[in-house]
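Chain by chain, the residues run as shown.
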Amino acid sequence: MRIVVVGAGVIGATLTWELTERGHQVILVDRAKEVAHETSYANGGQLHAGHAAPWNSPGMLTDALRWLGRADSPLRIRPERLLGAPWWLMRFLANANKARHRSNARANATLALYSVQRLYDIIEHTGVECQLRRSSILKLFDDRASLQRGIAAAQAVKDLGIRYNVLDRAQTIAREPTLSTSNDSGKLVGSIEYPEDGCADALMFCQGIAKKAAQKGAELRLGNPVIRLRGDQRQGVAGVVTEHGLIDGDAVVVAAGSHCNQLVQPLGLRLPLEPIKGYSVTIPLGDAAELAPNKPIIDDVRKIVLTRLGDRLRIAGKAEISGFDTRLNPDRCNSVREQGLARFPRLAERLGSIPGEHWSGLRPMTCKGTPLLGPTPIRGLHLATGAGHLGWTFAAGAAELVADQLEGKKSAIYTGPYQV
Ligand SMILES: Cc1cc2nc3c(=O)[nH]c(=O)nc-3n(C[C@H](O)[C@H](O)[C@H](O)COP(=O)(O)OP(=O)(O)OC[C@H]3O[C@@H](n4cnc5c(N)ncnc54)[C@H](O)[C@@H]3O)c2cc1C
């Protein structure tokens, strides 16, 4: 088949490699001049099957109210966006009940576990260098009630094969000794360790995997914005119209992250997608490396992740409902850094004035918190988006599922929950 993939983020780039490996003729189109230059550029780097639950948990509203008005709040909503996206928000809240959240969390955990193992295989098979570390992730808690909630969430997906260990404070510090330097270590009550999880640099992976795909015959058309899809609701889609001309194909996969609606809406499809802005800072560690955590960390209190990528430390977090605005807000950038380093005061002191690279990106989040993968009601038009806070984790499995559906094959896991 001749397949056009729109979007060279981690989902589109991995899909391009998968389809090329299967012998298809693939044209990967992106408006950016390089691959992974939007949300897949500097994400948290974590491959976290153990942390795959959608964000709209039943306790979300209570948390949101607690954070209201705080300068360091993990969540921020621009009031005008409430008016702009009421349909999405209502449906997002409608999925925050116990039963729906549980079933969506299980769907995500199934895909995440499958995807992470598949990604490890792809990296081994292709030799793509992306600073992979198959280290367990530690999720830290400062109070017993939150730890108990974390254990309940882990227990709810344990039967799917996601193993976890509950560690007390001393065991946690033994696993990650840099935590012992923390003023906060007195507050730390324990952690949950997820042995299957790991971390790697999504940008390096995208660059490497796109190159491998190109070597096998995929065409990369970068710096080439897609203006619209070619076709209509009745006749189906048979290519795309770009700023540099037409590209035809037997099928088109829209993997344009948060921007998919701009492309599919003219054909009458409205996807339940909202961009959720997040920030990261990447700091070269230099001679402070021994003070930085070795294991990837999820700080449950501050809703921040810390990930060691080679000789750099990436700190990522925050969730803002503020439309498609990716401007860097200096206060939010500083807050991510401060919150990330709060448990590591000696590291914070050593890193001192090293500014690091600040970045923001838009998580393509669906109302259910599960991704949209596979065919649409419009012939020839497929989707690969909606991975929200889990796009790097899902990339390899999502690519396989979408490729299976393009070929009309049954997938290794049940694809029902991700259907459009
Ligand atoms: C702060 C932060 C931390 C995160 N941490 C993690 C983490 O630790 N682990 C994890 O699993 N996930 C994480 N994520 C989520 C993950 O980064 C995203 O889910 C993932 O990057 C989405 O990938 P994508 O390919 O769908 O979209 P993108 O990476 O946004 O790619 C979409 C591509 O489509 C292109 N495009 C859009 N419109 C057009 C058009 N009209 N024509 C041509 N090209 C177009 C864009 O240029 C872009 O390259 C994080 C996200 C953020 C913001």
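Calculation rules
Residues numbered from 1 in each chain as written. Predicted model: local features only at pLDDT ≥ 70, side-chain atom pairs only at ≥ 80, totals over all residues. Heavy atoms only, no water. Near = heavy atom within 4 Å. Polar contact = N/O pair within 3.5 Å; in protein donor to acceptor, adjacent residues only side chain to side chain. Helix = DSSP H or I, 4+ residues; strand = E, 2+ residues; numbered from the N terminus. Nonpolar A, V, L, I, M, F, W, Y, C, P; charged D, E, K, R; others polar. Buried < 20%, exposed > 50% of the residue type's maximum accessible area, 1.4 Å probe, protein only. Pairing = 2+ DSSP bridges. Axes fitted to C-alpha atoms, helices over the stretch in contact; angles between N-to-C directions. Domains from an automatic or database assignment. Contact = heavy atoms within 4.5 Å. Buried area = accessible area lost by both parts, 1.4 Å probe. Core = buried A, V, L, I, M, F, W, Y, C linked by side-chain atoms within 4.5 Å. Phe/Tyr/Trp six-rings, centres within 6.5 Å; stacked < 30°, edge-to-face > 60°. Lys NZ or Arg CZ within 6 Å of the ring centre and 35° of its normal.

(A) Structural context of the site of the ligand. Within the structure, the ligand sits among 33 residues, and Asp30, Ser40, Gln46, Gly388 and Thr393 are positioned closest to it. Between threonine 39 and the ligand, the recorded distance is 3.1 Å, taken from a side-chain N or O atom to an oxygen atom. Within the backbone of glycine 391, a nitrogen or oxygen atom sits 3.0 Å from an oxygen atom of the ligand. At the level of elements, helix H1 (10–21), strand S14 (273–284), strand S18 (357–366) and helix H12 (391–406) are the ones that each hand at least two residues to the shell around the ligand. At four residues, the largest contribution of residues to the shell around the ligand is made by S18. Looking at the shell around the ligand, its residues break down into 12 nonpolar, 17 polar and four charged.

(B) How the structure looks around unusual backbone geometry. Phi at alanine 36 takes a positive value of approximately 55°, unusual for a residue other than glycine. With respect to the element layout, alanine 36 can be found in the loop between strand S2 (25–29) and strand S3 (46–47). Alanine 36 sits in the buried class, given a relative accessible area of 2%. Backbone geometry at lysine 318 places phi at a positive 75°, although glycine is not the residue there.

(C) Broad picture of the sheet that holds strand S12 (residues 245–248). In spatial order, the strands read S10-S11-S12; together these three strands make up an open sheet with antiparallel pairing. Across the chains shown, the open sheet's two edge strands, defined by having one partner strand only, are strand S10 (226–232) and S12. Neighbour to neighbour, the strand axes of the sheet diverge by 30° on average, direction disregarded. In terms of strand pairing, S10 meets strand S11 (residues 236–242) through five bridges, oriented antiparallel. Bridged to aspartate 232 within S11 is glycine 236.

(D) Region of the structure containing the domain arrangement of the protein. For the protein, the domain assignment lists domain 1 (2–40 + 204–270 + 369–418) and domain 2 (49–106 + 132–199 + 274–366). One C-alpha centre belongs to domain 1, the other to domain 2; they are set 28 Å apart. The interface is formed by 17 residues belonging to domain 1 together with 17 residues belonging to domain 2. Here domain 1 and domain 2 share an interface that buries about 1500 Å² over both sides, 62% of which is from carbon and sulfur atoms. Three residues stand out in domain 1 for area buried against domain 2, namely Ser258, Gly369 and His389, and they jointly supply 36% of the buried area on that side.

(E) Up close: the nonpolar core. Membership of the largest hydrophobic core comes to 66 residues, with the highest contact counts inside it found for Val5 and Phe205. Two domains each provide a minimum of three residues to this core, namely domain 1 (2–40 + 204–270 + 369–418) and domain 2 (49–106 + 132–199 + 274–366). Filtering out sequence-adjacent residues up to four positions away, valine 5 remains in contact with Gly12, Leu15, Thr16, Leu19, Val26, Ile27, Leu28, Val29, Val253 and Ala255. In this structure, Leu140, Tyr279, Leu291 and Ile304 belong to the second largest nonpolar core, which totals 24 residues.

(F) Here's a closer look at the pairing of S11. Along S11, six of the seven residues are buried, which leaves the element largely enclosed by surrounding structure. Following S10, the chain reverses through three residues before pairing antiparallel with S11. Examined bridge by bridge, S11 and S12 share four bridges and lie antiparallel to one another. In the strand pairing of S12, threonine 242 is matched with glycine 245. If you look at the hairpin formed by S11 and S12, you'll find two residues sitting between the two strands.

(G) Representation of the sheet that holds strand S20 (residues 381–385) in the model. The sheet built from six strands is open, its strands ordered S9-S2-S1-S13-S20-S19 with mixed pairing. The open sheet has two edge strands, strand S9 (219–221) and strand S19 (372–375), and neither has a second partner. Averaged over neighbouring strand pairs, the angle between their axes works out to 20° when direction is ignored. As paired strands, S19 and S20 are joined by four bridges and run antiparallel to one another. What sits directly across from leucine 372, in S20, is threonine 385. The strands that H1 touches are strand S1 (2–6), S2, strand S13 (251–254) and S20; relative to S2, the one it contacts most, it runs at about 165°.

(H) Seen up close, the packing of aromatic side chains. Across all of its chains, the model carries two aromatic pairs by this definition. Between tryptophan 88 and phenylalanine 92, the aromatic rings sit 4.5 Å apart at their centres with planes inclined by 20°, giving stacked as the arrangement. Of the two residues, tryptophan 88 and phenylalanine 92 are both situated in helix H4 (residues 86–94); the distance of four residues between them amounts to about one turn of the helix. Phenylalanine 92 carries the same exposure label as tryptophan 88, and that label is buried. Between phenylalanine 205 and tryptophan 392, the ring centres sit 5.2 Å apart and the planes meet at 45°, which makes this aromatic pair tilted. Of the two residues, phenylalanine 205 is situated in helix H8 (residues 202–215) and tryptophan 392 in helix H12; the sequence distance between them amounts to 187 residues. Each member of the pair, phenylalanine 205 as well as tryptophan 392, carries the same accessibility label: buried. Across from the ring centre of tryptophan 87, 4.0 Å away, lies the NZ or CZ of arginine 270, which sits over that ring.

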